[in-house]
Amino acid sequence: MVSFEMNDRKKIGLGLTGFGVFFSFLGIILFFDKGLIAMGNILFFSGVALTIGLKSSLQFFMKRSNYKGTASFGAGFFFVVIGWPILGMILEAYGFIVLFSGFWPTLSVFLQKIPILGWIFQQPFVRSFFDRYRGKRVPV
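Just so you know, these numbers come straight off a predicted model, no measurement behind them.

1. Topic: the packing of helix H2 (residues 34–52) against helix H4 (residues 67–82)
- It is the contact of H2 with H4, at a shortest axis distance of 9 Å, that shows an interaxial angle of 145°. As for the relative orientation of H2 and H4, their crossing is left-handed in sense. Counted together, Lys34, Ile37, Ala38, Asn41, Ile42, Phe44 and Phe45 of H2 and Phe73, Phe77, Val80 and Val81 of H4 form the full contact between these two elements.
- Considered class by class, the residues forming the contact of H2 with H4 number nine nonpolar, one polar and one charged.

2. Details of H2
- Compared with an ideal rise of 1.5 Å per residue, which puts 19 residues at 27 Å, H2 spans 27 Å between its outermost C-alpha atoms and is within 8% of the ideal.
- Restricting attention to buried positions, one finds in H2 the residues Leu36, Ile37, Ala38, Gly40, Asn41, Leu43, Phe44, Gly47, Val48, Ala49 and Thr51.
- Buried residues along H2 sit against helix H1 (8–29), helix H3 (54–61), H4 and helix H5 (85–100).

3. Examining the UniProt feature "transmembrane region" (unreviewed entry) in the protein chain
- The sites that UniProt annotates as "transmembrane region" (unreviewed entry) are residues 12–32, 38–58 and 70–87.
- Between the end C-alpha atoms of residues 38–58 there is a gap of 20 Å, over a span that is 95% helix and 0% strand.

4. Some points on the packing of H2 against H5
- H5 packs onto H2 with a crossing angle of 25° between their chain directions and a minimal axis gap of 11 Å. The angle between the axes of H2 and H5 places the two elements in the roughly parallel class. As for how H2 packs across H5, the hand of that crossing is left-handed. Where H2 approaches H5, its residues Lys34, Ile37, Asn41 and Phe44 are matched on the opposing element by Pro85, Met89, Glu92, Phe96 and Phe100.
- For the contact of H2 with H5, a count of residues per class yields six nonpolar, one polar and two charged.

5. Regarding the side chain of threonine 51
- Along the polypeptide, threonine 51 turns up in helix H2.
- A polar atom in the side chain of threonine 51 sits 3.4 Å from the backbone oxygen of glycine 13.
- Side-chain polar atoms of threonine 51 contact the backbone nitrogen of leucine 14, separated by 3.3 Å.
- Excluding residues that lie within four positions of it along the chain, threonine 51 makes contacts with Arg9, Lys10, Gly13, Leu14 and Thr17.

6. Re the packing of aromatic side chains
- If you walk through the whole model with that rule in mind, you get 15 aromatic pairs.
- Aromatic pair phenylalanine 60 and phenylalanine 61: ring centres 5.2 Å apart, planes at 70°, arrangement edge-to-face. Phenylalanine 61 matches phenylalanine 60 in its accessibility class, with the two residues each being buried.
- With a centroid separation of 5.8 Å and an interplanar angle of 35°, the aromatic rings of phenylalanine 100 and phenylalanine 103 are classed as tilted.
- Overall, phenylalanine 100 belongs to the buried group, its relative accessible area being 19%.
- Of the residues examined, phenylalanine 103 reaches a relative accessible area of 29% and is grouped as partly exposed.
- Through successive ring pairs, a cluster of aromatic residues spans Phe44, Phe45, Phe60, Phe61, Phe73, Phe77, Phe96, Phe100 and Phe103.

7. Overview of helix H6 (residues 104–112)
- For H6, the complete set of buried residues consists of Pro105, Ser108, Leu111 and Gln112. Projection of H6 onto a plane perpendicular to its axis shows the buried side chains occupying an angular sector of 130°, all on one side. In H6, those exposed residues whose orientation departs by more than 90 degrees from the buried face are Thr106 and Phe110.

Conventions used here
- Residues numbered from 1 in each chain as written.
- Predicted model: local features only at pLDDT ≥ 70, side-chain atom pairs only at ≥ 80, totals over all residues.
- Heavy atoms only, no water.
- Axes fitted to C-alpha atoms, helices over the stretch in contact; angles between N-to-C directions.
- Helix = DSSP H or I, 4+ residues; strand = E, 2+ residues; numbered from the N terminus.
- Left-handed = near helix turned anticlockwise from the far one by under 90°.
- Contact = heavy atoms within 4.5 Å.
- Nonpolar A, V, L, I, M, F, W, Y, C, P; charged D, E, K, R; others polar.
- Expected span 1.5 Å × (residues − 1).
- Buried < 20%, exposed > 50% of the residue type's maximum accessible area, 1.4 Å probe, protein only.
- UniProt positions renumbered as here; feature names shortened; annotations may be inferred.
- Parallel < 35°, antiparallel > 145°, perpendicular 65-115°, else oblique.
- Polar contact = N/O pair within 3.5 Å; in protein donor to acceptor, adjacent residues only side chain to side chain.
- Phe/Tyr/Trp six-rings, centres within 6.5 Å; stacked < 30°, edge-to-face > 60°.
- Arc of directions from axis to C-beta.

So this is what it looks like as structure tokens:
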């Protein structure tokens, strides 16, 4: 049975994921600072692993349909670490889109339920954009 309760491990994982996104954003804003971007990547990976579990995260990243995204994300991380942050971030962005494109339907439902912002995402032209990707793949 799958547990959807929010325990301390998941709370810490969500915090680490949030800090990872924050440090990556800060690294981009500060002219592609490779230290901040690398720290953001490490925090993001560890946060995902803590949030969904180590076994589930390994299954997700090593699934046959996700090989291209995992390789691109890993290569991007390597390029950030060796000192080429712009090329690394381009590869990471592509890998992130490929890996997490299956979550668009979940994200669209979540965005439509936000009180004020949800009105924008319920408009027909925005909704058609999200409906285009609905049901293509199951993420995990």
